[in-house]
Amino acid sequence: MRIFCSLTVNIVLLAFSQHILSQNEMPNDCKNAITVCGSSKISSNANGQGLQELRSNNACASFEHNSLWLKVNIVREGTLGFTLRPTSKNLEVDYDFFIFGPTSDCDNLGTSIRCSTTNPIDAGLTSNVTGMNDQETDLAEGPGELGNSFVKSLDVQVGDTYYIVIDRPIGDSAFEIDWTGTSLVGGSPFPPMPMANSIPNERICNDSGVYTVDLDSFSDKINTEPTNTVTYFENEMDASDDIAPLENTLTLNNESKTIYARVTNVNGCFDITNFTIASYKSPEAVNATLTQCDLDVANSTDGITVFNLNQANSLITSDANTTTTYYLSVNDRVNNTPIQNPDKFTGQEGQVISATVRNSNQCRKDVELTLSVKSTTASLQKMGPYFSCDMDKNDAMVAGSFNIDEIKNRAYPNLDVSLFNSREDASLELNEITSEVITTESTTLYVRIEDNNQCQDVEELRLVVDEIPEIELPKAIPTLCLNNPTVTIAANGGLSSYQWSLIKDDGTEEVVSNSQVATLTEVGEYILEVEQNYTSFGVNRSCSNSEKFTVNPSNVAKFNSEPIVEDISDNNRITVLVEGEGDYEYSLNDISGPYQDSNEFNDVPKGFVEVYVRDKNGCGVVSKTISVIGYNKFFTPNGDNVNDYWQLAGINAVTQANSAIYIFDRHGRLIKELDPKGIGWDGTCNGVMLPSTDYWFRVLLEDGREFKGHFSLKR
């Protein structure tokens, strides 16, 4: 067999621990030694060394540090040894032991007959195991480096008594003991243990929760041997050490206690069992009557309806943390066969069912519940309707918001009412609508009216959701032309009212129209508010909608400077420069277009061209005549009225009128000075037709530019 024990050490409080432990009669003193019995498992809360009982009475030159005393009474002869194994294999954990006997007592221990104080580190050992065995011959060893931690076994006889002191001077670890020797062959060398019977736990429930119990009343159940004694303790350690036993009378007040019973025989051997005694207050519960409204559409006056029995919970008990179970009869309650669906129980007028209320301590009280059926008309009274407008025109649902608390206070002042989505839920008081505000489509709710949690009536409450009017404005809001500040905008027809307002910079609104079509004269942000009137259920009402939009400005273009002209080239270019609030497009020589977004034109023909600038928002077109200087590469003065004269293009009596144009022959002789306002040169000199050939010219424009070139005369 094995003895298990845990020792703790507190070096700082050693002197203090010694005083306290000796007062508490702990097994670190000889007179409080633990008796080794049968196959018992020994546990102890011994701490420190108690009284110092090892002085000069041992051959191993040591004394108590952290000690545990064992008392061994022998009932079988032979050799007796043991192996003590510390739980920790750390060599710093050093266990010593001392044995007194076989005729010693605590008042006269005498000299130890076995002892070992070998230190495993000092002795160069590889294990911190110590003990006695049949192979050793020495009776004592140590201290320090002396010995191998084992001494010779005891030769024990029936009736011998030995005291074993197990001491741990160094380290911190529990240990276990394996008993060895020939005395263990065929049985245990130690006295047998008594048997402590297990008994069931006991729970007392009463109206006060207070209960006084006589612990002695359990002794006959725990112990059946007359020579044994039974004592009771608050914890297992006290029971093991046989200290601080409880008084026989124990009073419990709404609490549970675990009691440890120690059965001790005449040999000092003992066994421990435990049981729990609890005393709690029973729940408060009374007989009650549950009244239910009969909402059966087929027959609402037959006295039979569906009950939610759980509605009676608050009628039966006001205790918190309780559960109520319902049974069809007392017999079902005795057999623990509860009603399976208490929230949908079909009952009839005057029916009595059984109920059990249990609290968290599993104390119970049995009561009766009487069912009462309140007949109703098949068609429930209809209340309302209450109206709301659709919250979101863009979704598929026509759903509005309803303030349930406000409806309750308005329609049912000073009444206990609950709202439900279905007739059945209202009847059984299931799935109550608890939200202050709900969002729903047009529907019918059911109002349950109660008095002291008893159904008095159920009514229908209609909720109606009206559609909000739809606003349709032009996809492209027209702009306001500042040169003609009037714009007309039309909304969709068929609505009850319209109100167009200009939102000013300070946030105020100025009404500008109350018609479907509005004429606006200012740019800025506007809001259109519309209403649709409804008449049904004898109630006139309306839903409104609004939409903001912005009227942006635009204007006819203004030329802010002369166009940029790059002429007298193979690719004449014009860049038109305008300013204004509009969005502009450009055309050349044709007011009808085509128009382009770019203000640049390439490959512009020589001469005078007309540039048109049009506002894309329809605010108008402006134009400008532009001179593009150029000339023909040849002319044919043959009298056919086609290309009969050569002249610079892009000049006239208004534009570049003071320019000078000189024509030379190939020898450089001046043959003609042209009038820029004239028709041009006809190919003659002093009335004589000149031959077909190339001629040169020099031009001094009025704007200061000068250029030269040549052309051909063809006949």
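Everything numeric in this text was worked out from a predicted model, so none of it was measured.

**Some thoughts on the confidence of the model for the protein chain**
Should the pLDDT be low somewhere, the predicted coordinates at that spot are not to be read in detail. On average, residues of the protein chain score 90 in pLDDT, and 95% of them are at 70 or above. Note that residues 1-24 has pLDDT below 50 and, in this model, 68 contacts with residues that lie over four places away or in other chains.

**So, the packing of aromatic side chains**
Following the criterion strictly, the structure yields 21 aromatic pairs and no others. Consider the rings of F635 and W681, whose centres lie 5.6 Å apart with planes at 50°: the pair is tilted. A residue pair is termed long-range when its members are at least 10 positions apart, and F635 in strand β47 (residues 634-635) and W681 in the loop between β49 (670-674) and β50 (684-685) qualify at 46 residues. For the ring pair F697 and F707, a centre distance of 5.9 Å and an interplane angle of 80° mean the geometry is edge-to-face. Of this pair, F697 sits in strand β52 (residues 693-700) while F707 sits in strand β53 (residues 706-713), placing them ten residues apart in sequence. Here the aromatic cluster, defined as three or more aromatic residues joined through ring pairs, consists of Y631, F635, W646, W681, Y695, F697, F707 and F711. The residue whose ring lies beneath R614 is Y595, and the NZ or CZ to ring-centre distance is 3.8 Å. Its guanidinium or amino end placed over the ring of F634, K714 lies 4.6 Å from that ring's centre, counting from NZ or CZ.

**Quick word on the sheet that holds strand β44 (residues 600-601)**
Pairing is antiparallel across the open sheet formed by three strands, whose spatial order is β40-β41-β44. The open sheet has two free edges, formed respectively by β40 (564-566) and β44, since each of these has just one partner strand. Strand direction decides the pairing type here: strand β41 (residues 573-575) and β44, joined by two bridges, are antiparallel. Residue pairing for β44: T575 is matched across the bridge by E600.

**Thoughts on the state of the cysteines**
What we call a disulfide is simply a covalent bond connecting the sulfur atoms of a pair of cysteines. Scanning the model with the defined rule gives six disulfides in all. Covalent S-S linkage joins C37 and C269, the inter-sulfur distance amounting to 1.6 Å. On the sign convention where negative means left-handed, the S-S torsion of about -90° between C37 and C269 marks this disulfide as left-handed. With C37 in the loop between β2 (34-36) and β3 (67-73) and C269 in the loop between β17 (255-264) and β18 (270-281), this residue pair connects regions lying 232 residues apart in the sequence. A relative accessible area of 1% means that C37 is categorised as buried.

Conventions we followed
Each chain has its residues counted from 1, running along the sequence as written. Totals for whole chains, interfaces and linings use every residue, but because this is a predicted model, local features are given only for residues with pLDDT of at least 70 and side-chain atom pairs only at 80 or more, for both listing and counting. The side-chain numbers reported here are obtained from all heavy atoms of the structure, hydrogens and water having been left aside. Every residue gets a pLDDT, meaning the predictor's confidence in that residue, from 0 to 100. Whether two residues are in contact is decided by their heavy atoms: any pair within 4.5 Å suffices. Geometry of aromatic contacts follows a simple scheme: Phe, Tyr and Trp rings, the Trp one being its six-membered ring, pair when their centres are within 6.5 Å, and the pair is stacked under 30 degrees between planes, edge-to-face over 60, tilted otherwise. Under the scheme used here, helices are H or I runs from DSSP no shorter than 4 residues and strands are E runs no shorter than 2 residues, and both carry numbers assigned from the N terminus. In our convention, an over-ring charge means Lys NZ or Arg CZ found within 6 Å of a ring centre and within 35 degrees of that ring's normal. Two strands qualify as a pair provided that DSSP identifies no fewer than 2 bridges between them. Criterion for a disulfide: a pair of cysteine sulfur atoms within 2.5 Å. Exposure categories follow from relative accessible area, calculated using a 1.4 Å probe and restricted to protein chains: below 20% of the type maximum is buried, above 50% is exposed, and the middle band is partly exposed.

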